[in-house]
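# Observations on chain architecture
One-letter residues, chain by chain:
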Amino acid sequence: MFESPFGHSIMKRAKEKELVNIGIHDIRNYSTSKHRSVDDYPFGGGAGMVMQIEPIDHCITQLKTEREYDEIIYLSPDGELFDQKLANHLSTKKNILFLCGHYKGVDERVREHLVTREVSIGDYVLTGGELATAVIVDAIVRLIPGAIGDEQSALSDSFQDDLISPPVYTRPADYKGWKVPEVLLSGHQAKIEEWRHEQSVLRTKQRRPDLLKDK
Ligand code: ADE
């Protein structure tokens, strides 16, 4: 599940440039059972299986002997909502461990004792934490200096200042009579910046007024 999202474009180049190192660890390798199982029936009954604490603890304990983790994040739909602020914060960390749950989730004691943070990527339920992890890692890695060609462009992303990015255009200036705004062709940089800011505010008001709430 990680090969493809981590194997292309910016993520691939960031790994090649050694801006980031990503290790993937199979909890099953830390199972104590013959069949490498890592889940069991829930105490008290009910549907679905629960991931056991033991293999997870063994895995985390082993990994902690190899490096210190700034955060151990459990991906869960009931975690704190992931946003650009959290991406910025996490991009300054050295080592982060992501724990991907499956089935009905992990034994609650994992959440109480082994993780430092619980994060959700949105109010919907995925089959596991892997895709959520891929989303978060992508958002973090592109912020690492040198990961994207023009560092400036990560700072001007939507959400970086609680504003949506302004519209962008490229050639041709006129396509089927659909024209690029004059100001962008004017060469007048101050006017262009002013227009971009106005557009950002306008778009944010129209599309995401919630972002302006506290302003
Ligand atoms: N695991 C299942 N659903 C998830 C979500 N929305 N965010 C993070 N992890 C999840």
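Residues numbered from 1 in each chain as written. Predicted model: local features only at pLDDT ≥ 70, side-chain atom pairs only at ≥ 80, totals over all residues. Heavy atoms only, no water.

Glancing now at unusual backbone geometry. Cis geometry marks the peptide bond from R171 to P172; its omega dihedral reads 5 degrees. Note on placement: P172 falls in the loop between α6 (151-155) and β6 (174-175). Residues other than glycine seldom take positive phi values, yet R36 does so here, at roughly 60 degrees. Among the structural elements, R36 can be located in the loop between α1 (9-16) and β1 (39-40). Not every positive phi belongs to a glycine, and F159 is a case in point at roughly 80 degrees. (Helix = DSSP H or I, 4+ residues; strand = E, 2+ residues; numbered from the N terminus.)

This part is about the side chain of R111. Mapped onto the secondary structure, R111 falls in helix α4 (residues 108-113). Reaching out from R111, the side chain makes a polar contact with the side chain of D78 at a distance of 2.7 Å. A distance of 2.8 Å separates the side chain of R111 from the side chain of E118, its partner in a polar contact. (Polar contact = N/O pair within 3.5 Å; in protein donor to acceptor, adjacent residues only side chain to side chain.)

With that out of the way, let us pick up the environment of T116. Relative to the helices and strands, T116 resides in the loop between α4 and β5 (117-120). Residue class for T116 comes out partly exposed when judged on its relative accessible area of 48%. Taking the C-alpha atoms as reference points, T116 and P166, separated by 50 residues in sequence, lie 36 Å from one another. Here T116 is in contact with E71 and I72, once residues within four sequence places are set aside. Reaching out from T116, the side chain makes a polar contact with the side chain of E71 at a distance of 2.7 Å. (Buried < 20%, exposed > 50% of the residue type's maximum accessible area, 1.4 Å probe, protein only. Contact = heavy atoms within 4.5 Å.)

Here the focus is the environment of K85. Take K85: it is sitting in helix α3 (residues 84-91). Here K85 falls in the exposed class, since its relative accessible area comes to 56%. Placed 82 residues apart in sequence, K85 and P167 show a C-alpha to C-alpha distance of 22 Å.

Taking 1.5 Å as the rise per residue, helix α2 (residues 53-66) with 14 residues should run 20 Å; its terminal C-alpha atoms sit 20 Å apart, in good agreement. Buried within α2 we find P55, I56, C59, I60 and L63. Take α2 and look down its axis: the buried residues cluster within an arc of 125 degrees, on one side only. Those residues of α2 hidden inside the fold are in contact with β2 (50-51), β3 (71-81), β4 (96-100) and α4. (Expected span 1.5 Å × (residues − 1). Arc of directions from axis to C-beta.)

All right, on to the nonpolar core then. Core analysis: the largest hydrophobic core is formed by 26 residues, its most contacted members being L75, F82, L90, F98, V119, I136 and V141. Every element with two or more residues in this core is listed here: α1, β3, α3, β4 and α5 (130-141). The leading source of residues in this core is α5, at seven residues. Setting aside residues up to four positions removed in sequence, F98 forms contacts with I73, L75, T133, I136, V137 and I140. Of all hydrophobic cores here, the second largest spans 17 residues; its members include V38, L97, V106 and L114. (Core = buried A, V, L, I, M, F, W, Y, C linked by side-chain atoms within 4.5 Å.)

When two helices pack together, their arrangement is given by the angle between their axes and by how far apart the axes lie. At a minimum axis separation of 8 Å, α3 and α5 run at an interaxial angle of 70 degrees. With respect to each other, α3 and α5 are oriented roughly perpendicular. The handedness of the crossing between α3 and α5 comes out as right-handed. Each of A87, L90 and S91 in α3 lies in contact with α5, whose residues at this interface are I136, A139 and I140. In terms of residue class, the contact of α3 with α5 is built from five nonpolar, one polar and no charged. (Axes fitted to C-alpha atoms, helices over the stretch in contact; angles between N-to-C directions. Parallel < 35°, antiparallel > 145°, perpendicular 65-115°, else oblique. Left-handed = near helix turned anticlockwise from the far one by under 90°. Nonpolar A, V, L, I, M, F, W, Y, C, P; charged D, E, K, R; others polar.)

Right, let's get into the sheet that holds β3. The sheet built from three strands is open, its strands ordered β4-β3-β5 with parallel pairing. Each of the sheet's edge strands pairs with one partner strand only, and the pair in question is β4 and β5. Averaged over all neighbouring strand pairs, the angle between strand axes comes to 45 degrees, with direction disregarded. With five bridges connecting them, β3 and β5 associate as parallel partners. Residue pairing in the sheet places E80 in a bridge with V119 of β5. Along the sheet, α5 makes contact with β3, β4 and β5, crossing β4 at roughly 155 degrees. (Pairing = 2+ DSSP bridges.)

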